Amino acid sequence: MQILLDDIILFGYHGVHSFENEVGTNFQISIKIDIDDIPIKVLDDTVDYEKVFLLVKEEFNKTEQLLEVLADRIIKAISTHFHQIIQIEISIKKLNPPIPSFQGTVGIKKIKKLK
C-alpha cells in the first residue's frame, strides 16, 4: 500500500544564496510512503496523511541551504512517527530557482528504504 501526498506547495527560505534565505520562494513537495501490507481497519493501522503534512510543514519552516538536508530531516520526522513505513520517497522542487535565463524547476528526489 502507498500513501501519497502530491504537489504540496509551501513557501520557504531554502537555498545557498543569502537572498534566498531572506526573500524566500515557493517549493513543490511530493511524498510517497510505502507501508506494510496489513489489513487496515482504523487510522492507527495506517499513516495519517494529515499528520505527515503537519510534520512536513514543521520541518519546512526551518531554513536549510541544501534541499538534500531538508529531505533527510523530513524523512526522519515522518519515519519516527509511523512504524508501518517500509520506504519513503520525497521530491522537493524549487519553483523559481535563481538561475539567469532558466525556465523550469530544479530539485531533488530521495528514496529511503526503512525495512
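Shown above is the structure to which this text applies.
Quick notes on the rules
Residues numbered from 1 in each chain as written. Predicted model: local features only at pLDDT ≥ 70, side-chain atom pairs only at ≥ 80, totals over all residues. Heavy atoms only, no water. Helix = DSSP H or I, 4+ residues; strand = E, 2+ residues; numbered from the N terminus. Buried < 20%, exposed > 50% of the residue type's maximum accessible area, 1.4 Å probe, protein only. Expected span 1.5 Å × (residues − 1). Arc of directions from axis to C-beta. Contact = heavy atoms within 4.5 Å. Polar contact = N/O pair within 3.5 Å; in protein donor to acceptor, adjacent residues only side chain to side chain. Phe/Tyr/Trp six-rings, centres within 6.5 Å; stacked < 30°, edge-to-face > 60°.

A. Quick look at the environment of Asp 44. Tracing the sequence through the fold places Asp 44 in the loop between strand E2 (25-35) and helix H2 (49-60). The class for Asp 44 is exposed, based on a relative accessible area of 64%. Separated by 71 residues in sequence, Asp 44 and Lys 115 have C-alpha atoms that sit 19 Å apart.

B. Representation of unusual backbone geometry. Unusually for a residue other than glycine, Asp 7 sits at a positive phi of about 55 degrees. Asp 7 gets classed as partly exposed once you look at its relative accessible area, which sits at 47%. Positive phi is not limited to glycine here, since Ser 101 has a value of about 65 degrees. You can see Ser 101 is positioned in the loop between strand E3 (85-94) and strand E4 (106-113).

C. Just H2, in detail. Compared with an ideal rise of 1.5 Å per residue, which puts 12 residues at 16 Å, H2 spans 16 Å between its outermost C-alpha atoms and is within 8% of the ideal. Every buried residue belonging to H2 is among Val 52, Leu 55, Val 56, Glu 59 and Phe 60, and all of these are buried. End-on, the buried residues of H2 take up no more than an arc of 130 degrees, which puts them together on one face. The inward-facing, buried residues of H2 contact strand E1 (2-12), E2, helix H3 (67-81) and E3. The residue sitting at the N-terminus of H2 and contributing the capping side-chain oxygen is Asp 48; that oxygen lies 2.9 Å from the backbone nitrogen of Glu 50.

D. Geometry of the environment of Lys 115. Relative to the helices and strands, Lys 115 resides in the segment after E4. With 105 residues separating them along the chain, Lys 115 and Leu 10 place their C-alpha atoms 29 Å apart. Contact partners of Lys 115, with chain neighbours within four places excluded, come to Asp 36, His 83, Gln 84, Ile 85 and Ile 86. A distance of 3.0 Å separates a polar atom in the side chain of Lys 115 from the backbone oxygen of His 83.

E. Representation of the packing of aromatic side chains in the model. For the structure on display, the rule yields 2 aromatic pairs. Their ring planes at 85 degrees and their centres at 5.4 Å tell us that Phe 11 and Tyr 13 sit as a pair that is edge-to-face. Using a relative accessible area of 41% as the deciding quantity, one classes Phe 11 as partly exposed. Taking relative accessible area as the criterion, Tyr 13 reaches 33% and is therefore assigned partly exposed.

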